[in-house]
Amino acid sequence: MNETIYNTTSVDETYAVGREIGATLGAGDCLALLGTLGAGKTAITRGIAEGYGADASNVSSPTYVLCHQYPAGDRPLYHLDLYRMVSADEELEDIGLEDFLAEGAVVIEWANLAGATLPHPRWELTIDITGENSRTLTLKRIE
Ligand SMILES: Nc1ncnc2c1ncn2[C@@H]1O[C@H](COP(=O)(O)OP(=O)(O)OP(=O)(O)O)[C@@H](O)[C@H]1O
Ligand SMILES: [Mg+2]
């Protein structure tokens, strides 16, 4: 399987990886973020937003509002968090994931809580906690 692995030893390094990934995203792209509580999903989304061309200072966890939108020219970045969802697939359909993808790129925290609704192809980034300040990030393409 084709995957890219990054080992980071600080939030700043994770942020930099996010910037790199964000620069490659465009409208229609979906990035699923996997990893436990405090892995760094929101932290890397800040870098992703900056690389994408959005204002990264606005990025915060959309846990309670489900979706944040960060303007970036004519293709916004959408930031979703499925953590509190009872039925993630249904909710993704209800909020119109397809419509978001038609307009911009979508980053989804706790994407493992959804199933069939996640788009194909998509990017999947798994963040593993390997120490207090270290993380292993594995990026792969899901066809
Ligand atoms: N190398 C690293 N990369 C990313 N975050 C790190 C790193 N080292 C330490 N951290 C810390 O880990 C925490 C990551 O928090 P963050 O909110 O981004 O996690 P999360 O995966 O979004 O959690 P949640 O599931 O609650 O949404 C931050 O407090 C950050 O400072
Ligand atoms: Mg988070």
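Heads up: the structure comes first, above all this text.
Definitions and cut-offs
Residues numbered from 1 in each chain as written. Chains lettered and ligands numbered in written order. Predicted model: local features only at pLDDT ≥ 70, side-chain atom pairs only at ≥ 80, totals over all residues. Near = placed C-beta within 6 Å. Nonpolar A, V, L, I, M, F, W, Y, C, P; charged D, E, K, R; others polar. Helix = DSSP H or I, 4+ residues; strand = E, 2+ residues; numbered from the N terminus. Expected span 1.5 Å × (residues − 1). Buried ≥ 20, exposed ≤ 12 C-beta atoms within 10 Å, placed from the backbone. Contact = placed C-beta atoms within 7 Å.

## Quick look at the site of ligand 1
Among the 18 residues in the neighbourhood of ligand 1, the closest are listed as T14, G40, K41, T42 and A43. Of the residues belonging to the shell around ligand 1, the class tally is 4 nonpolar, 10 polar and 4 charged.

## Some words on helix α2 (residues 41-52)
The end-to-end C-alpha separation of α2 is 16 Å, in line with the 16 Å expected for 12 residues at 1.5 Å each. Within α2, 11 of the 12 residues are buried, which leaves it mostly tucked inside the rest of the structure. Turning to α2, its buried residues number three or more, namely K41, A43, I44, T45, R46, G47, I48, A49, E50, G51 and Y52. In the core, the buried residues of α2 are packed alongside α1 (11-22), β2 (30-34), β3 (67-70), β4 (77-81), β5 (105-109) and β6 (122-129). At the C-terminal side of α2, G53 shows a positive phi close to 105°.

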